[in-house]
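Residue-level structure breakdown
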Amino acid sequence: MEQTQFLQRQDLQSLVDVLKASGYRCLAPQVRDGAIVYDVLADVSHLPVGVHDQQLPGKYHLIGSDDKRSFAWANGAQALKPLLFSARELLWSAERDAEGKINFVQAEPAVQKTAVIGVRSCDLAALRVQDQVFLEQQYQDENYQARREALFTVAVNCSHPAETCFCASTGDGPTARSGYDLLLTELDDGFLVAAGSAAGEQVFAQLPLELASDQQHFVAGEQALHAEQVQTRKLPQAGLADKLLANLDHPRWQAVAERCLSCGNCTMVCPTCFCHKEIEQPQLDGHSTEHLREWDSCFTQGHSYIHGTVIREDTEKRYRQWLTHKLATWVEQFGSSGCVGCGRCISWCPAAIDLTEEANAIAGNSND
Amino acid sequence: MINPYTPFEAEVVERIQESSTIFTLRLRFTDAEQHERYSFQPGQFNMVYLYGVGEVAISIVSDPEDEQLYDHTIRIVGRVTRGLAQVKQGQRVGIRGPFGRGWPLLKAEGHDVLIVTGGLGCAPVVSVINYIISRRERFGRLTIMQGVKHSDDLLWRERYKLWSQMPDTHVIIAADQGGQQWPWRIGPVIGMFDELNLQPDKTIAMMCGPEGMMHAAIKRLLEMDVAEEMLFMSMERNMQCAVGHCGHCQYGGHFVCKDGPVFSFNEIKAIFGKSGF
């Protein structure tokens, strides 16, 4: 049975210290330029203590308070994704000698044991989705795999979802059920702590924990229920995939395309989007070249380019491709939805387009 | 383990100019072990890499049992193919592959095979035609149907002539516009179906070419009572990784690179011909 214990707030630094002593680089949420991002954490005093966020379609804003809590906010733009699926990385390089012989050298990925503190359940769900894409199909991505194996996750149950969140509707949150190494539930005076893996148990065993009280469990339960109930956005439930694919000519696609800037922000902040392009970069020495990959977006013209023609030449087709892939054909490809309800695409859309609103307009109406 | 992203070096053993914009590279891996290990099925493709320029997905046209060389017939259409056209005999390129699912050759055994292609001599079906011709006894009647815009666009005229003289093989070619001494039909491609006298329950069709043409061909074949699961087509989309990771070739719920490029009509009929997929 899973054992849950209590860590006093003043002992939180011990978690960071134990992780560091175990060889992990510790990344944790910190405020940078008006947003919460994951960065290397030296001391728990650098956590976003008392920081709350306000998120609406096209809006992200931080607010300070006297609250002592460090995790009383919903996710910023950054997910776990860039840590595992690098935004730009070398795949291989090649050298050509005077005789024209080409020598290919596979790149070794930079891998560092990394612990991330503050991972939300939506991002754990997204991690499972990206594992399916990069590790569980016919071909495995070695770079992703190497970094995945070096990752330690300290999840924190979400107590303060943003208005843009809808993880309760996708079934991916706000409480983490699995896929973490350690799980924290933040209370006013400290944290409930549970281990979810062998690596997590080792860290767990080294923390100054005490028995958790019934009252603490009760408060945690209430908090989880509240975090679920405050979410107002929902995706249509029954038959969403079929309904979307049955409505490929719905007038709403044209209407949303008139607002969409085709900027690709939604795909960049999405924790599951995996598209990337390959780039050849000949070096100035004249005899070597590098072959890289870089995140790409289905909202660009080049994404569907094929000798002399573009399959998705307008924004309507690109938005339809993105939404039907995320919510419908993804299920066909990987057996689960490509959306985990994190709401990032809503907050970070400069045109304030709301994925749940579009999905409901096209494939049902359960937003009431 | 072999990293599927990294190419192997291959040498251009021979280069053949097929037309002003089409050429064939005959290749061999320089690494003997890789040469030994490598095998493919007709309809599969390689990622062909030009040093300093990049990669492009090209189908393999040679016979899978030719252990000496494998061939790529390439049309100049973009940056990489324009560069590849400059590659001379003895020069080196990169190759990784083979990728994807090829033609259903086992399923085709014992059946009449109808090949439908359009455009400029479609390389993916040339491999299957050669495969069948070299193993004639395993297959029923072979019909090769090719449509071109202008008679000058037809590649490999000699080959078509040769094929038309093979036993139990029927070649039908139509050009929208015909030049002098054009021995084949003139008129719309779809008119060729009037010449067809096929047995629907014995026929398997393999198609490659512009989607509009394949769409029209499928419509006619379904009207002729050929079953959906006996209609196969080779699809083309932007491909960069070839292993189902980069996302460019997504076609509804399929990755053309690893689930295709050959699909049966019933696998993709929900979106086939739908603009934007």
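Residues numbered from 1 in each chain as written. Chains lettered and ligands numbered in written order. Predicted model: local features only at pLDDT ≥ 70, side-chain atom pairs only at ≥ 80, totals over all residues.

Examining the overall build of chain A
Convention followed: Helix and strand definitions follow DSSP, with helices as H or I runs of at least four residues and strands as E runs of at least two, each counted in order from the N terminus. Atoms considered for the radius of gyration are the C-alpha atoms alone. The globule rule reads 2.2 Å times the number of residues to the power 0.38. Three exposure classes are used, based on other C-beta atoms lying within 10 Å of a residue's own C-beta, which is placed from the backbone: buried for 20 or more, exposed for 12 or fewer, and partly exposed in between.
Within chain A, the secondary structure is distributed over 13 helices and 16 strands. In summary, chain A has a C-alpha radius of gyration of 22 Å against a globular reference of 21 Å for 368 residues, a match within 12%. Projected onto its principal axes, the C-alpha positions of chain A cover 70 × 60 × 40 Å. Out of the 368 residues belonging to chain A, those deemed buried represent 46%.

A short note on the domain arrangement of chain A
Residue and element names in this part refer to chain A. Short version of the rule: The split into domains, and so the bounds of each, comes from an automatic or database assignment of domains. Contact between residues is assigned whenever the C-beta positions, reconstructed from backbone atoms, fall within 7 Å. Amino acids are sorted into nonpolar (Ala, Val, Leu, Ile, Met, Phe, Trp, Tyr, Cys and Pro), charged (Asp, Glu, Lys and Arg) and polar (every other residue, Gly among them).
Domain annotation of chain A identifies domain 1 (4–86 + 110–229) and domain 2 (240–275 + 297–363). Placing a centre on the C-alpha atoms of domain 1 and another on those of domain 2 gives a separation of 28 Å. Across the contact, 28 residues belong to domain 1 and 24 residues belong to domain 2. Breaking the side of domain 1 that touches domain 2 down by element, the ones donating at least two residues are β5 (59–63), α3 (121–135) and α5 (167–170). With eight residues, the top contributor of residues to the side of domain 1 that touches domain 2 is α3. Tallied by class, the residues present in the side of domain 1 that touches domain 2 amount to 15 nonpolar, nine polar and four charged.

Here we look at the packing of helix α9 (residues 251–259) of chain A against helix α11 (residues 315–334) of chain A
All names here are of chain A. Note the threshold: Here the axes come from fitting lines to C-alpha atoms, over the contacting stretch only for helices, and the angles between their N-to-C directions go from 0 to 180 degrees. By definition in this entry, angles of less than 35 degrees are roughly parallel, angles greater than 145 are roughly antiparallel, angles of 65 to 115 are roughly perpendicular, and the rest are oblique.
At a closest axis distance of 8 Å, the pairing of α9 and α11 adopts a crossing angle of 110 degrees. Compared by their axis directions, α9 and α11 come out roughly perpendicular. The residues of α11 that touch α9, namely those facing W253, Q254, V256 and A257, are T315, E316, Y319 and R320. Across the contact of α9 with α11, the residue classes tally to four nonpolar, two polar and two charged.

Observations concerning the domain arrangement of chain B
Residues and elements named next belong to chain B. Domains assigned within chain B are domain 1 (8–99) and domain 2 (105–268). Placing a centre on the C-alpha atoms of domain 1 and another on those of domain 2 gives a separation of 22 Å. Taken together, the 16 residues of domain 1 in the interface contact 18 residues of domain 2. Among the secondary structure elements, those contributing two or more residues to the side of domain 1 that touches domain 2 are β3 (45–50), β4 (54–59) and β5 (70–75). Taken together, the residues that form the side of domain 1 that touches domain 2 break down as eight nonpolar, five polar and three charged.

Re the interface of chain A and chain B
Each side of the interface is counted separately: chain A has 41 residues, and chain B has 34 residues. At the level of elements, β6 (88–96), β7 (102–106), α3, β13 (276–282), β15 (305–306) and α11 of chain A are the ones that each hand at least two residues to the side of chain A that touches chain B. In terms of residues, the side of chain A that touches chain B owes the most to one element, α11(A), which gives seven residues. Of the residues that constitute the side of chain A that touches chain B, the class distribution is 16 nonpolar, 14 polar and 11 charged.

Section: the environment of V256(B)
Its place among the elements puts V256(B) in helix α7 (residues 256–259). Using a count of 26 C-beta atoms within 10 Å as the deciding quantity, one classes V256(B) as buried.

Section: the sheet that holds strand β14 (residues 288–295) of chain A
Residues and elements named next belong to chain A. Put simply, the rule reads: In this description, strands pair whenever DSSP reports at least two bridges between them.
Strand order in the open sheet formed by four strands is β7-β6-β14-β13, with antiparallel pairing between adjacent strands. Bordering the open sheet on either side are β7 and β13, each of which pairs with just one other strand. For this sheet, the mean angle separating the axes of adjacent strands, direction not counted, is 20 degrees.

A word on the pairing of β5(A)
Residues and elements named next belong to chain A. Examined bridge by bridge, strand β4 (residues 52–56) and β5 share five bridges and lie antiparallel to one another. By the bridge assignment for β5, L56 is matched with K59. From the end of β4 to the start of β5, which pair antiparallel, there are two residues, and G58 there has a positive phi angle of about 75 degrees.

Quick notes on α11(A)
Applied cut-off: Note on bend: at a given residue it equals the angle between the axes fitted to the 7 residues ending there and to the 7 starting there.
Where α11(A) bends most, at H325(A), the angle is about 55 degrees. The buried fraction of α11(A) is high, at 14 of 20 residues.

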